[in-house]
Amino acid sequence: MSAGNRLVLLLTAVSTLLLVGCGEDNAAESAVTAAVIDNTAEVEADYAADPAFYHFKSLADLPADLAWENGADQPEMGSPEAKKGGTQYIALNDFPRTLRIVGPDSNGSFRPYIFDNAVMRMAHLHPDTLEFYPGLAESWAVEPDTATVYVKLNPAARWSDGEPVTSDDFLFMFWFFRSDYIRAPWYNNWFSTRYTNITRYDDHTFSISSAVLKPDFAGWVLALPPVPQHYFKEVGEDFVERYQWRFTPTTGAYVINDEDIQKGRSITFTRDRDWWAKDLKHFRYRFNPDRLQLNVIRDQAKSFEAFNRGDIDQFSLNMAEYWYEKLPDSAPDVQAGYIAKSEFYTQYPRSPVGLWINTAQPLLDDLNVRLGIQHASNWQLVIDQYFRGDAQRLNTASDGYPDFSHPSITAREFDIDKAQAYFAAAGFTERGPDGVFVNADGKRLAFTLSTGSQQLADVLTILKQEAAKAGLEFRVEVLDGTTGWKKVQEKKHEIALTYFAGVLEMYPRMWEHYHSDNAYDDAFLEDGSVNPERQLKTQTNNLEAFAVYEVDGLIEDYRDSSDKAHMIELSHRLAELHYDHASWVPGYYQPSLRLGHWRWVRYPDYFNHKHVRTLDEHWVHWIDTDLKQEVQEARKSGKTFPPMIKVYDQWKP
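Values in this document were obtained by computation on a predicted structure and should not be read as measured data.

Quick notes on the overall build of the protein
Now for step 1: Looking only at helices and strands, one finds 19 helices and 29 strands in the protein.
Now for step 2: Computed over C-alpha atoms, the radius of gyration of the protein comes to 26 Å, within 12% of the 26 Å expected from 2.2 N^0.38 for 653 residues, which places it in the range of a compact globule.
Now for step 3: Referenced to the eigenvectors of the C-alpha coordinate spread, the extents of the protein come out at roughly 80 × 75 × 55 Å.
Now for step 4: Sorting the 653 residues of the protein into buried and exposed places 58% on the buried side.
Now for step 5: Sequence separation of 24 or more characterises 74% of the internal contacts of the protein that already satisfy a separation of 6 or more.
Now for step 6: Carbon together with sulfur atoms contributes 49% to the accessible area of the protein, which is approximately 26,600 Å² in total.
Now for step 7: Put simply, the protein has 65 plus and 95 minus side-chain charges, and the middle of one group is 5 Å from the middle of the other.

Observations regarding the packing of aromatic side chains
Now for step 1: By the definition in use, this model includes 59 aromatic pairs.
Now for step 2: Geometrically, the ring pair formed by Phe 176 and Phe 239 is edge-to-face, given 5.7 Å between the ring centres and 80° between the ring planes. Of the two residues, Phe 176 is situated in helix 4 (residues 167-178) and Phe 239 in helix 7 (residues 239-242); the sequence distance between them amounts to 63 residues.
Now for step 3: Taking relative accessible area as the criterion, Phe 176 reaches 0% and is therefore assigned buried.
Now for step 4: Phe 239 gets classed as buried once you look at its relative accessible area, which sits at 1%.
Now for step 5: Their ring planes at 5° and their centres at 6.3 Å tell us that Tyr 187 and Phe 191 sit as a pair that is stacked. Of the two residues, Tyr 187 and Phe 191 are both situated in helix 5 (residues 185-193); the distance of four residues between them amounts to about one turn of the helix. For the pair formed by Tyr 187 and Phe 191, the shared burial category is buried.

Some thoughts on the sheet that holds strand 8 (residues 195-202)
Now for step 1: Strand order in this open sheet of six strands is 1-8-9-7-6-2, and the pairing throughout is mixed. Strands with a single pairing partner mark the edges of an open sheet, and in this sheet they are strand 1 (54-56) and strand 2 (68-69).
Now for step 2: As judged from the five bridges shared by strand 7 (residues 148-153) and strand 9 (residues 205-210), these two strands associate in the antiparallel manner. Bridge pairing links Val 149 to Ile 208 in strand 9.

Section: the packing of helix 12 (residues 379-386) against helix 14 (residues 457-468)
Now for step 1: Packing of helix 12 against helix 14 brings their axes to within 10 Å, and their N-to-C directions diverge by 135°. When the axes of helix 12 and helix 14 are compared, the pair comes out oblique. As helix 12 packs across helix 14, the resulting crossing turns out to be right-handed. Listed contacts from helix 14 to Trp 379, Leu 381, Val 382, Gln 385 and Tyr 386 of helix 12 are Asp 458, Val 459, Ile 462, Leu 463 and Glu 466.
Now for step 2: Its residues assigned to classes, the contact of helix 12 with helix 14 shows seven nonpolar, one polar and two charged.

Brief notes about unusual backbone geometry
Now for step 1: The phi dihedral of His 282 is positive, around 80°, even though this residue is not glycine.
Now for step 2: Relative to the helices and strands, His 282 resides in the loop between strand 11 (266-271) and strand 12 (291-296).

Digging into the environment of Pro 127
Now for step 1: Locating Pro 127 in the fold gives a position in the loop between strand 4 (123-125) and strand 5 (132-134).
Now for step 2: The exposure class assigned to Pro 127 is buried, which follows from its relative accessible area of 1%.
Now for step 3: Taking the C-alpha atoms as reference points, Pro 127 and Phe 283, separated by 156 residues in sequence, lie 14 Å from one another.
Now for step 4: When sequence neighbours within four positions are dropped, the list of residues in contact with Pro 127 reads Met 77, His 609, Lys 610, His 611 and His 618.

Reading guide: rules and limits
- Residues numbered from 1 in each chain as written.
- Predicted model: local features only at pLDDT ≥ 70, side-chain atom pairs only at ≥ 80, totals over all residues.
- Heavy atoms only, no water.
- Helix = DSSP H or I, 4+ residues; strand = E, 2+ residues; numbered from the N terminus.
- Rg over C-alpha atoms; globule rule 2.2 N^0.38 Å.
- Buried < 20%, exposed > 50% of the residue type's maximum accessible area, 1.4 Å probe, protein only.
- Contact = heavy atoms within 4.5 Å.
- Areas by Shrake-Rupley, 256 points an atom, 1.4 Å probe, with all protein chains shown as cover.
- Lys, Arg positive; Asp, Glu negative; His and termini not counted.
- Charge placed at Lys NZ, Arg CZ, Asp CG, Glu CD.
- Phe/Tyr/Trp six-rings, centres within 6.5 Å; stacked < 30°, edge-to-face > 60°.
- Pairing = 2+ DSSP bridges.
- Axes fitted to C-alpha atoms, helices over the stretch in contact; angles between N-to-C directions.
- Parallel < 35°, antiparallel > 145°, perpendicular 65-115°, else oblique.
- Left-handed = near helix turned anticlockwise from the far one by under 90°.
- Nonpolar A, V, L, I, M, F, W, Y, C, P; charged D, E, K, R; others polar.

As far as function goes, none of this settles anything; it's purely spatial.
Right, here's the structure in full:
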């Protein structure tokens, strides 16, 4: 980019920053009205400058012997009984900090509504069969010899603003995610290193080659989402501010209109009645409510009160307190059949719920301190007391991956004597008057234990009380979800009770969590020694500031290997080294999902699919508006229905 263009973009960014925040109540008022730019010439120049990656050919160059497939034999998702219509009311524990799908503050609990569970990919992994069914693609062909996937897009595919989805949107996807403008290191790395080229054959035909012939390389291609080039023509130096409150055109069923963004209060999605995929198999019986109204209710107890009033339609009952006490089977609304209770067993890689220790913080860089914390954390009491025995202990951060999960590592047990021995080895041998260990320098063995989940506040209380027995003080800090996530992304936490969502993949991801590239800028010198001038890197998923030179090499081998057996061996070794580092304290997992939902929220007879992380992940439920009116009238008149308390255990391991 020329110096002149960079100056224009810099001036645009400055004016943008001055304009942001002028209106607080409505997103339309606070929308950025920055100077118009057009990056088309820059994008085309970048394509031309990298001919090894961006290829342009004709259909005549397409291999003639490709075996095209389309997933037509996959069982249809959703229920033919599903009805369109109604508004689903949902509680948000905090207002999102941005509508961007990438960049700072974008990777929060709101993103599944606008991206993860909302957009269409070339093809989607069926949550029962783990085979692909068509999305944006009408067919695809896999060429293992070159780790290449060829794709024919459905010509009917459209963005929500009416523009067609074309091969150009996939070329632009690579330019976009590789760009420094978006301030997203993980995306920059992934899209720069995991693929070797994209070839455009015509408007609807292209191919993408993976850098490595991984066992599941086809999935890494077919799951890619396009990026609308026509919409992101203004991407430049001020991307983060310019697109902060703009809803990106989507290939999915729901859109956000400017007038439906009430800053700090609510966001409403509207089902696109012209959605191009509304009549397609796998999609016609899903995404059923006409509107999704997400209201900010920051307090968990108030959310439950809103649910009991019928102001929100569903409420997670995963916490034992809600399942057994606050909404027991004997609750009047449950016995009257107004509110249903459903428990659904699923098979899914386990979310790594646990204590993420920031090893860049003072004292926490000491292995003995971390080992002491391991043995001072009484997770079994949390499971027995808080979860009433309905949860189980995690052993590693990569549990639930057949073959790839470590077969023999077990989480360290709560043991006061072992904890004290490790603390003593770190120089903490004397207790102060409050019972907390103090070292020779007068430093107390005390750390802030943070979480962005209000419903886990009582878990922190149990951990705090038990840790005190070992001379360790946990200062409990319960934040709202957005603030809590921002804190760990900026690496300002000491110890955080948090997790990343499990991902339905063949093997666990290692690079983003444990490679030093995501912990520090230039973590090591060329000889492998620690770089004394290294700086902590923020906005990455390495929440432990984990940086071990040996691990870096193993992860690079793991990423580059096409041998499944070798990858399994490396996965086990990496789990062992992570265990030895003791910077993550394994927490718990629950084998089932529990939900309270008003009778008018309907699910298929089978309730949900085998491999799901959340019950709304595939949007197979619907709002029966006629039944809603009947239930509301029944509550007033005293009429009752048969109770709906069901356990769906067809997928129970």
